[in-house]
Amino acid sequence: MTRPPSSEGAVRVTLHPGEDLLLRPGTRLADLRAPLATLVRRPELRYATFAVDGEPLADDQVVGERPLLPGAVLGVRRTSPHGAGPAPGPGLPSAAAQPWLVARVTGSDAGTVVGASGPLAVLRVWARMRRGGRMAVRRTRGAAAWIMPRTTPPHSGVHWTLALLPAAASLSLAAALRQPLLAVFALVGLAVALPQLRAARQRTATDGAPRNRSQELPGPARLLAFAHAAHHVSPGAWAAALAAHATARAPGTPGAPGTPPATPARLLPPPSDGPWEGLLHDGAVAVLGPRELARSVARALVADRAARGAEVRVGPGTHGWSWARWLPQGGPLVVVLDDDGATAAAPGPLTGPGDRLVVSVGAVPPGCRAVADVLDARRVRITGPDGAARTVPLVGVTTEWAEHLARLLAGAARLGRIVPGAPPEDARLPAVVPLTRAHGLAEVPGPPALATLWGSADSWAVPLGTGADGAPVRLDLVRDGPHLLVAGTTGSGKSELLQTLVLGLALTRSPADLALVLVDFKGGASLGACPGLPHVVGQVTDLEPGLAARALSGLRAELRRRERVLAAHGVPDVAALPPGVLPRLVVVIDEFRALADDLPEFLPALLRVAAQGRSLGVHLVLATQRPGGAVGPDLRANVSARIALRVTDALESRDVLDDPAAAHIPVTAPGRAVLRLGSAPPVTLQCAHVTAPPEAELPLVRRAPAWPAAPGSTPDQQPVGRPNPGRPDPARPASARPVPPRPDAAALVVDAARRAADQLGHVPGAPPWLPQLPRRATVSDLPPATRRDRTGLVLALGDDPDRQRRTTVTWKPGDGHLAVVGRARSGRTTALVTLAVAALQQGWTVRGIARDPRSFAPLEHFPGYGGTVRPDDAGAVAGMLAAAAPDAAPGAETDTGSSRTLVLVDAAEDVRGTLPPAALRSAVAFALATDSPSVGGLAARVGPRLVLLGTDRAADVVLGAPVTLAGSGGPPGRAAWCGRGEPVLCQVLEPQVSPRSRSPTSPPRRRAS
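Residues numbered from 1 in each chain as written. Predicted model: local features only at pLDDT ≥ 70, side-chain atom pairs only at ≥ 80, totals over all residues. Heavy atoms only, no water.

- The name given to the protein chain in an unreviewed UniProt entry is FtsK/SpoIIIE domain-containing protein, with the source organism recorded as Promicromonospora alba.

As for the environment of G867
Moving on, step 1. As for its placement among the helices and strands, G867 is situated in strand β32 (residues 865-869).
Moving on, step 2. Distance from G867 to P853, taken between C-alpha atoms, is 8.6 Å for residues 14 residues apart in sequence.
Moving on, step 3. Residue contacts for G867: discarding those within four places in its chain leaves V846, R847 and G848. (Helix = DSSP H or I, 4+ residues; strand = E, 2+ residues; numbered from the N terminus. Contact = heavy atoms within 4.5 Å.)

Examining the UniProt feature "binding site: ATP" (unreviewed entry) in the protein chain
Moving on, step 1. UniProt feature "binding site: ATP" (unreviewed entry): in the numbering of this structure it lies at G488, T489, T490, G491, S492, G493, K494 and S495.
Moving on, step 2. With respect to the helices and strands, the residue G493 is situated in the loop between β19 (484-487) and α14 (494-508).
Moving on, step 3. Aside from chain neighbours lying at most four places away, what touches G493 is L645 and G671.
Moving on, step 4. Within the secondary structure, S495 sits in helix α14.
Moving on, step 5. Leaving out residues up to four positions away in the same chain, S495 has contacts with K522, S526 and D590. (UniProt positions renumbered as here; feature names shortened; annotations may be inferred.)

Looking at the pairing of strand β37 (residues 984-988)
Look at any regular strand and the pattern is simple: side chains alternate between the two faces of the sheet.
Moving on, step 1. β37 sits mainly inside the fold: five of its five residues count as buried.
Moving on, step 2. Of the pairings in the sheet, the one linking strand β28 (residues 793-800) to β37 comprises four bridges and is antiparallel in character. Paired with G798 across the strands is C986, a residue of β37.
Moving on, step 3. Bridge count between strand β36 (residues 974-978) and β37: four bridges; the pairing is antiparallel. Residue pairing for β37: A975 is matched across the bridge by C986.
Moving on, step 4. Linking β36 to β37, which pair antiparallel, is a turn of five residues. (Buried < 20%, exposed > 50% of the residue type's maximum accessible area, 1.4 Å probe, protein only. Pairing = 2+ DSSP bridges.)

A closer look at the nonpolar core
Moving on, step 1. If you look at the biggest cluster of nonpolar residues, it comprises 49 residues, and the most contacted ones within it are L484, L503, L505 and L533.
Moving on, step 2. Element by element, the count of residues in this core is highest for α14, at eight residues.
Moving on, step 3. In this structure L484 touches L475, L477, L501, L620, V621, L622, V639, A641, R642 and I643, once residues within four positions along its chain are discounted.
Moving on, step 4. Counting 46 residues, the second-largest nonpolar core is a separate cluster that includes W276, W323, A370 and V380. (Core = buried A, V, L, I, M, F, W, Y, C linked by side-chain atoms within 4.5 Å.)

Things to note about the pattern of salt bridges
Between side chains of opposite charge, pairing is possible as soon as their charged atoms come close.
Moving on, step 1. Counted under the stated rule, the structure contains 32 salt bridges.
Moving on, step 2. When the shortest N-O distance is used, the salt bridge between R703 and E19 registers 2.6 Å. With a gap of 684 residues between them, R703 in strand β27 (residues 701-703) and E19 in strand β2 (residues 19-23) connect regions that are remote in the sequence.
Moving on, step 3. Judged by relative accessible area, which is 26%, E19 ranks as partly exposed.
Moving on, step 4. For D956, the salt bridge goes to R823, with nearest N and O atoms at 3.0 Å. A residue pair is termed long-range when its members are at least 10 positions apart, and D956 in helix α23 (residues 953-959) and R823 in the loop between β30 (817-821) and α21 (828-841) qualify at 133 residues.
Moving on, step 5. Overall, the relative accessible area of 0% leaves D956 in the buried class.
Moving on, step 6. The network of salt bridges with shared partners includes R12, D20, R325, E403 and R407. (Salt bridge = Lys/Arg side-chain N within 4 Å of Asp/Glu carboxyl O.)

Quick word on the sheet that holds strand β35 (residues 942-948)
Moving on, step 1. Strand order in the open sheet formed by ten strands is β29-β28-β37-β36-β35-β30-β34-β33-β31-β32, with mixed pairing between adjacent strands. The strands lining the two open edges of the sheet, one partner per strand, are β29 (805-811) and β32. Strand-to-strand, the axes of this sheet are offset by a mean angle of 25 degrees, without reference to chain direction.
Moving on, step 2. Alignment of β30 against β35, held across four bridges, turns out to be parallel. If you follow A819 over to β35, its bridge partner there is R945. (Axes fitted to C-alpha atoms, helices over the stretch in contact; angles between N-to-C directions.)

Topic: the environment of S934
Moving on, step 1. Looking at where S934 falls in the secondary structure, it is placed in the loop between β34 (925-930) and β35.
Moving on, step 2. In sequence terms S934 and A819 are 115 residues apart; their C-alpha atoms lie 9.7 Å from each other.

Some details on a nonpolar patch on the surface
Moving on, step 1. On the surface, L181, V184, V188 and V192 cluster together into a nonpolar patch covering about 370 Å² of accessible area.
Moving on, step 2. In this structure, V192 sits in helix α5 (residues 182-207). (Patch = residues over 30% accessible without salt bridge, like charges linked within 9 Å, V, L, I, M, F, W, Y side chains within 5 Å. Areas by Shrake-Rupley, 256 points an atom, 1.4 Å probe, with all protein chains shown as cover.)

Side note on the sheet that holds β27
Moving on, step 1. On the basis of which strands lie adjacent, the open sheet formed by six strands has the order β4-β3-β5-β1-β2-β27 and mixed pairing. A single partner strand is all that each edge strand has here, and the edge strands are β4 (55-56) and β27.
Moving on, step 2. Pairing geometry for strand β3 (residues 50-52) and β4, over two bridges, is antiparallel. Across the sheet, the residue bridging to V52 is E55, located in β4.
Moving on, step 3. Docked against the sheet, helix α1 (residues 29-40) engages β1 (11-15), β2, β3, β5 (73-76) and β27, running at close to 35 degrees with respect to β27.

Some remarks on the side chain of D480
Moving on, step 1. With respect to the helices and strands, D480 occurs in helix α13 (residues 477-480).
Moving on, step 2. For D480, a relative accessible area of 13% gives the class buried.

Quick notes on the pairing of strand β26 (residues 683-689)
Moving on, step 1. Burial analysis of β26 places five of its seven residues in the buried class, which makes it a mostly covered element.
Moving on, step 2. Bridging between strand β16 (residues 433-434) and β26 involves two bridges; their strand directions are parallel. In the strand pairing of β26, P434 is matched with H689.
Moving on, step 3. Where strand β17 (residues 461-467) lies against β26, three bridges are found, and the strand directions are antiparallel. Its bridge partner being in β26, T466 is matched across the sheet by Q686.
Moving on, step 4. Sheet topology note: the strand β25 (residues 672-677)/β26 ladder contains four bridges and is antiparallel.

Below is the structure:
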């Protein structure tokens, strides 16, 4: 099986008289002269004037743009009239300039079109060509008319036959009755009809609509006209044709208004329901008879399918089929078998037309029921799948005609006008696209070059990969977004795509314009080297409990801050702010579904980000394996850019793209994706691979690979243009083959970005959320004291992520006795010591009750500490309480030097039997530590609580921790403060005591328990 060779985006042309070459897209013709002359050993090419289709080319012509498109015949323009040069292709290029066209409709050379300058010239052409088959004559209306809708304009007014009927009747009566006077009435009828006919003609002309389908070229000539128009019309004419096809179709048809826009393949009128079309519905057709005539009929069938966007592959026999090397790839598959062993070479069981169409010349493959038997040069007997047979005129095309059509289709495909969206399995898509190739770079730019790129950036478009035409496929989050949804199953390449997007943004924008937040719920390693970029202001992983919740809370606060900045500058959108005032914030979430499952209560905050992100400059990139259920309709309403990599079934693909294309991506093509922006048609691309080393640059011009493929090769198993580890690519010279492995592009981009940011003085911005509380906190970590802080005892450093600030947690004895609840080794005793130090520093008297007197040993050097008694010594406890005798009740306002009493109780459950009931109702302030939520049966007597947290969410809830803070512990002293207001996550302060007074029961630099 031979398919048209892929050249990884290179432009394949023919150098006259007949050598195929591959040219690098984007190269100026002047730069091609020297290497072209050296390659083909023709020194005159360094200075000669090049021409395509007889038209001279300037040296500033660019490869890949009209007229240097695939399929072009590049020759030298001679000054001598007898000099050789590239002749225009057969048919339309030379005939389209004439006012009349004469086209052959039937015969072995159907589709031939000859121009004529007038009626007499038409008669001469007709006389010369009439022996070959049926002919048709049409007026030339321009190439743009050949792609416009072929519909008859609505009839209005009087038809000419009805207008002339009275005149004809008058003349008939005058002749029958031999009364010449009646003929006068005929003149009156004509006088009345002529103004109506003239008005109807003017209305039809002003409509701008084509007359009717009878004005278009019939048969194969219609295909040639379509390909010629698709290749030559201007972008404006092509866009007008698309719009006309989208709006001019009757309601209820596939092209009715309200349906997706017409695609280029639909601009060709639909196939007729004639006998030839009926042969193709069975998925296979055999063409029998004299070999050359049978081939001409088969060529006509295959050319019709190729013009409608099909991919053509040719079997072992290639005689007369070399023209197929120019055909674009992609679309429904047409397999051509033209060999004496065609029956044995049939590619497996013959399936329906939805899969492929097999056209066999000279033999009937197994299972084929449709047969076309060429009887002679004018007739063909066709037998349909139902066994019905009939004889029809022969319609075939020559090899020259088919090659001209294929060349036109190749050029139109380069312009994106033949195959609108390549299928996911399209062989034109490369297997690997390095990041540098997607960005049009030969190598990763160094720091100076990257700084220049940052300074010259004028848009937010980022190349994601390469399309089927070899051009980069770009995504602009500002214009196409503001948000992006990425879906794909395991191993499809989601993480690589996210890295491509993040690194592409870093190559385009500086840290002054862009801030990145990376949320990785796949263990923290899926985004590779991206966290090292200077643009990254924060990273969240599922390995840090509670950090994702803090990040979402911080995003809410960041939205409020951005609203204040916009209001202060009096602008409605971040794009109207001066540069550098407010960078755009891109939040990348890998495995969004895991985040939604773990933190469902934070989805409303994400909805607000999605709704307000466009004006505030906040963009979300949500990646997940299955968006169904995780990405709700409210969130989807704000996500207009969608990318689907390989998914497991068509329903998931439709859920993301409203199209089943992603379900057809092969398992062997990681990184293959389908992009859809809003309601635009899906676009298939191969995503760039960030860990692939930069490619060696290909030469400006090289010889095209031979066609057909060498014997023994299996292009179906190893497509041309894709790397084969066991065999070098014959289309690529040895000097252009990949160099040995180098550092991957991701690491190089990160290093260059960091150094460029250092040179420009850019530093990473503050994260949109507060960092987590420190594992150890001291008085120096507290924010500036407020008036409220001075009226209580300082206990801990508080966290307020919603307002992006730290607070001071204080206990006011007037609010009630304090309960410190926590498990062993959680920092209960340390909390009591911290509280005691704060009280002693304010002149309070502190006493302690504990099983082990060493628990409060750090307090012994303070003059105001009254000692420690054991809880089982009732007399000592009673004496200590009697000695306290405070002057004021808890909560009473006293002067700074007045005496206050605080009693510390370690293990409150031990003092229930020895503590007098009246003690908790006295003026003494108690702080009780316990491991039970009942506080040793004294829960009704306490007010605020300090619940020390662990990592077990359920166990924390049992202790009385709020559900929103449960499980967010870890280091000793991490606690939830439950006072009069909202619960506050806090870190208990380290007690400010002398090192020599540290409790002997506590290990070095750890809290007592």
